[in-house]
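Examination of the molecular architecture
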Amino acid sequence: MKVTKKDSNKMKFIKGLSTEDYSLYYTYNRIDEVQEVIRGHYGLPSKDTPKAVKVSGIDGILFMTKSSGILVDYLCKENDGKFELYEMSLKAYNGYERYMSDLMVA
C-alpha cells in the first residue's frame with residue numbers, strides 16, 4: 001500500500017504522542033485477532049483487513065487499510081508473544097482532529 005501525504009501527517013502526529021495518550025483495550029494471542037477487531041470496529045469488508053505496519057520512530061505497530069490509509073486510533077505492542085491493543089484517548093483524538101483540520105486550512 002502506498003503512503004500518502006495525509007498518512008505522513010498522521011504518522012507525524014502519532015510520533016508526538018506518549019503512552020499516556022493510549023489506554024490498553026485488550027490483549028490478544030495473535031496479530032490476526034487484533035486485525036479482525038479493528039476491521040470490525042471500522043466496518044471494513046474482509047478484503048480490506050488492516051495490514052500491520054512498523055513505522056520508524058513509533059514504538060508499536062500501526063495498521064493501514066486500502067480505504068482509510070493509516071489508522072490513528074489504535075496502536076499494538078507485542079509483549080511476551082501476546083499482542084496488546086491500545087486505543088487512543090479522547091483527548092489525544094480531539095488533538096488529532098484539530099491537527100488535521102489546521103493542515104487542511106493551511
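A brief look at the structure comes next. (Residues numbered from 1 in each chain as written. Predicted model: local features only at pLDDT ≥ 70, side-chain atom pairs only at ≥ 80, totals over all residues. Heavy atoms only, no water.)

1. Focus: the pattern of salt bridges
Selection rule: When a carboxyl oxygen of Asp or Glu is within 4 Å of a side-chain nitrogen of Lys or Arg, the pair counts as a salt bridge. The helix count covers DSSP runs of H or I at least four residues long, the strand count covers runs of E at least two residues long, and both are numbered beginning at the N terminus. Per-residue accessibility, obtained with a 1.4 Å probe over protein chains only, is compared with the maximum for each type, and a residue is labelled buried under 20%, exposed over 50%, and partly exposed between these values.
Using the criterion set out here, one finds 5 salt bridges in the structure. Residue Lys10 is joined to Asp7 by a salt bridge in which the shortest nitrogen-to-oxygen separation is 3.9 Å. Note that Lys10 and Asp7 are positioned in helix 1 (residues 5–15) at a spacing of 3 residues, about one turn of the helix. Lys10 gets classed as buried once you look at its relative accessible area, which sits at 6%. Between Lys77 and Asp59 there is a salt bridge, with the nearest N and O atoms lying 3.4 Å from each other. Taken together, the positions of Lys77 in strand 4 (residues 69–79) and Asp59 in the loop between strand 2 (51–54) and strand 3 (61–65) put the pair 18 residues apart, joining distant regions of the chain. Owing to a relative accessible area of 60%, Asp59 belongs among the exposed residues under this scheme. Among the ionic contacts, a cluster of salt bridges with common partners joins Arg30, Asp32 and Glu33.

2. Remarks on the layout of surface pockets
Quick reminder of the rule: Buried and open spaces are told apart on a 1 Å grid over the protein atoms alone, a cavity being a set of points where a 1.4 Å probe fits but cannot get out and a pocket being an open set with protein on both sides within 12 Å along at least five of seven lines. Residues with an atom within 4 Å of a point are the lining residues. Grid points are joined across faces, edges and corners, and a volume is the space filled by probe spheres set on the points. Each residue is assigned to one of three groups, with Ala, Val, Leu, Ile, Met, Phe, Trp, Tyr, Cys and Pro labelled nonpolar, Asp, Glu, Lys and Arg labelled charged, and all others, Gly among them, labelled polar.
Considered as a void within the structure, the largest pocket measures approximately 210 Å³ in volume. In terms of lining residues, the largest pocket is bounded by Ile14, Lys15, Leu17, Ser18, Thr19, Tyr22, Gly57, Ile58, Asp59, Leu75, Lys77 and Tyr86. Counting only elements with at least two residues in the lining of the largest pocket, the list comes to helix 1 and strand 4. When its residues are assigned to classes, the lining of the largest pocket shows 6 nonpolar, 3 polar and 3 charged.

3. Some words on the nonpolar core
Cut-off, in case you're wondering: We define a nonpolar core as any set of buried Ala, Val, Leu, Ile, Met, Phe, Trp, Tyr and Cys residues linked to one another through side-chain atoms lying within 4.5 Å.
With 18 residues, the main nonpolar core has Ile14, Tyr22, Ile58, Leu62, Ile70 and Met88 as its most contacted residues. Elements supplying a minimum of two residues to this core: helix 1, strand 3, strand 4, strand 5 (82–88) and helix 3 (90–105). Ile61, Leu71, Phe83 and Leu85 belong to the second largest nonpolar core, which has 10 residues in total.

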